[in-house]
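One-letter residues, chain by chain:
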Amino acid sequence: MRFPALFPAICFTLLLFFMQSAICEETRSLTVAWWNVENLFDTLDDPDTEDDEFIPQGKRGWTPTKLAVKYLRLSHALKMIAAENRNGRYPDILAFAETENRSVVETLLSFLPGHHYAVVYHNSPDPRGIDLALAYDTLTVSHVETRPYSVPLDHRPTRDVVLHALSAGTHRFYLLLNHWPSRSLGRAWSEPRRLEAARTARSVLDSLLQADPHSDIVIAGDFNDEPEDRSISDILGSSFKRTEVRQNCAEKLYNCWNETDAPGSYSYRGTWNRLDQVLVSCGLLDQSGLSLASSPFRCFNPDPMARPGSGTPFPTWKGGSYLGGYSDHFPLVLKLEIH
């Protein structure tokens, strides 16, 4: 029996169709990971920042060997996240806090075989030289622009609030990254600084939502405040109720901690905290553009990343003692669907 002359062309067309279908299946969802990676410093002395403790001669004795262990730990965690993804891919978007420079981020990514990340890096005015970093998978996400917003403080400066405009195919969305002032020196002194950071972030959100109340916005960060604190609940407008957010798109944000029973991503003196948070605008609660997936949020805390017995994060440092762990924070992972 002879096959028609058109048969090879038909086979090729079918093959192409199935390949495109597979690609669409792989890219119909997006994974966003937020992680405070706890002092990812290189071993060099930067004369413009307060990084003296993170050099070989500094009080922490931060050597190339310790840095190499840090890279191995962090990359291992990212590989574990990928292993749990249905398609085995690394997160489409990685957002980090406490990175010293672009170089340490790019070196960390070099420990991930076959990645397709591009890095967007913004140097903040933080005196310690720690910044917010973004990496995105160029196969699934396009970067449009970055806009930093300074937090107006009278004394010691803090990290900028950084807005990234991105797109997944034809769908524009925004990622607003935060690392607000710490709780050191007591709440009475530090809380007004976080309230000012919250006002800065809220003004950015108001600008986006005024232009389009249904903008798809992910707000992620180490806020150094809990969901019930004024900066989060009152100024940002955090809510654990989807219905409330849908009914007030211009004011309210959905706090994704509502999606998990995990006690927190950080532990201080035996008490769990939810200082790391991911919030979303009401645009991500509909079924248009991007939206929250089923079971969309997780505090990623597998056994290797936890201290035996307590289940708390296995950190690189405990006080001034070197432990050689991952980070003092667990990552947060958000899954989105593309419609």
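Structure first, text after, so check above.
A quick note: this is a predicted structure, and the numbers were derived from the prediction, not measured.

## Remarks on the pattern of salt bridges
Using the criterion set out here, one finds 18 salt bridges in the structure. Two residues, Lys-70 and Glu-38, come together in a salt bridge whose shortest N-O distance is 4.0 Å. Linking Lys-70 in helix 2 (residues 64-84) with Glu-38 in strand 1 (residues 29-40), this pair joins segments that are 32 residues apart in sequence. For Lys-70, a relative accessible area of 1% corresponds to the buried category. Take Glu-38: its relative accessible area is 4%, and that puts it in the buried class. Linking Asp-126 and Arg-159 is a salt bridge whose minimum nitrogen-to-oxygen distance equals 2.6 Å. In this pair, Asp-126 sits in the loop between strand 3 (117-122) and strand 4 (131-137) while Arg-159 sits in the loop between strand 5 (142-149) and strand 6 (161-168), placing the two residues 33 residues apart along the sequence. Via salt bridges that share partners, Arg-183, Arg-187, Glu-191, Arg-194, Asp-225, Asp-229 and Arg-230 belong to a single interconnected network.

## A closer look at the side chain of Ser-75
Within the secondary structure, Ser-75 is located in helix 2. A polar atom in the side chain of Ser-75 sits 2.8 Å from the backbone oxygen of Tyr-71. A polar contact of 3.1 Å, which involves the side chain of Ser-75, links it to the backbone oxygen of Leu-72. With residues up to four places along the chain from it excluded, the contact list for Ser-75 reads Leu-108, Phe-111 and Leu-112.

## Considering the state of the cysteines
The tally for this structure, following the rule as stated, stands at one disulfide. Each sulfur of the disulfide joining Cys-249 and Cys-282 lies 2.1 Å from the other. Handedness here is read from the sign of the S-S torsion; for Cys-249 and Cys-282, about 115 degrees, the answer is right-handed. Here Cys-249 is found in the loop between helix 6 (242-247) and strand 10 (253-255), whereas its partner Cys-282 is found in the loop between strand 13 (276-280) and strand 14 (290-299), with 33 residues between them in sequence. Under the relative-accessibility criterion, Cys-249 is labelled buried at 13%. Free of any disulfide, Cys-256 has its nearest cysteine sulfur in Cys-299, 13 Å distant.

## A closer look at the packing of aromatic side chains
Tallied over the entire structure, the rule returns eleven aromatic pairs. For the ring pair Phe-54 and Trp-62, a centre distance of 5.7 Å and an interplane angle of 85 degrees mean the geometry is edge-to-face. An identical accessibility class is assigned to Phe-54 and Trp-62; each is buried. When the ring of Trp-272 is compared with that of Phe-330, the centres are 6.3 Å apart and the planes differ by 25 degrees; the resulting orientation is stacked. Here Phe-330 lies in the loop between strand 16 (321-322) and strand 17 (332-338) and Trp-272 lies in strand 12 (residues 271-273), a separation of 58 residues in the sequence. An aromatic cluster of three or more residues is present, and its members are Phe-41, Phe-54, Trp-62, Trp-317 and Tyr-322. If you follow Arg-60 out to its NZ or CZ, it ends over the ring of Trp-317, 4.8 Å from the centre. In this arrangement the basic side chain of Lys-66 is found over the ring face of Tyr-322, its NZ or CZ atom lying 4.8 Å from the centre.

## Some remarks on the pairing of strand 2 (residues 93-99)
A large share of strand 2 lies buried, amounting to seven of its seven residues. In this structure, strand 1 lies alongside strand 2, joined through six bridges in parallel fashion. Looking at strand 2, one finds that Leu-40 is bridged to Thr-99. Relative to strand 4, strand 2 is paired through six bridges, and the arrangement is antiparallel. In the strand pairing of strand 4, Phe-96 is matched with Ala-133.

## Some words on the packing of helix 2 against helix 3 (residues 102-109)
Two elements in contact, helix 2 and helix 3, have axes separated by 9 Å at closest approach and are oriented at 60 degrees. Taken as axis vectors, helix 2 and helix 3 run oblique relative to one another. For the pair helix 2 and helix 3, the crossing hand works out as right-handed. Note on element contacts: helix 3 touches helix 2 through Val-104, Thr-107 and Leu-108, opposite Tyr-71, Leu-74 and Ser-75. Of the residues in the contact of helix 2 with helix 3, the class split is four nonpolar, two polar and no charged.

Criteria and cut-off values
Residues numbered from 1 in each chain as written. Predicted model: local features only at pLDDT ≥ 70, side-chain atom pairs only at ≥ 80, totals over all residues. Heavy atoms only, no water. Salt bridge = Lys/Arg side-chain N within 4 Å of Asp/Glu carboxyl O. Helix = DSSP H or I, 4+ residues; strand = E, 2+ residues; numbered from the N terminus. Buried < 20%, exposed > 50% of the residue type's maximum accessible area, 1.4 Å probe, protein only. Polar contact = N/O pair within 3.5 Å; in protein donor to acceptor, adjacent residues only side chain to side chain. Contact = heavy atoms within 4.5 Å. Disulfide = S-S within 2.5 Å. Phe/Tyr/Trp six-rings, centres within 6.5 Å; stacked < 30°, edge-to-face > 60°. Lys NZ or Arg CZ within 6 Å of the ring centre and 35° of its normal. Pairing = 2+ DSSP bridges. Axes fitted to C-alpha atoms, helices over the stretch in contact; angles between N-to-C directions. Parallel < 35°, antiparallel > 145°, perpendicular 65-115°, else oblique. Left-handed = near helix turned anticlockwise from the far one by under 90°. Nonpolar A, V, L, I, M, F, W, Y, C, P; charged D, E, K, R; others polar.

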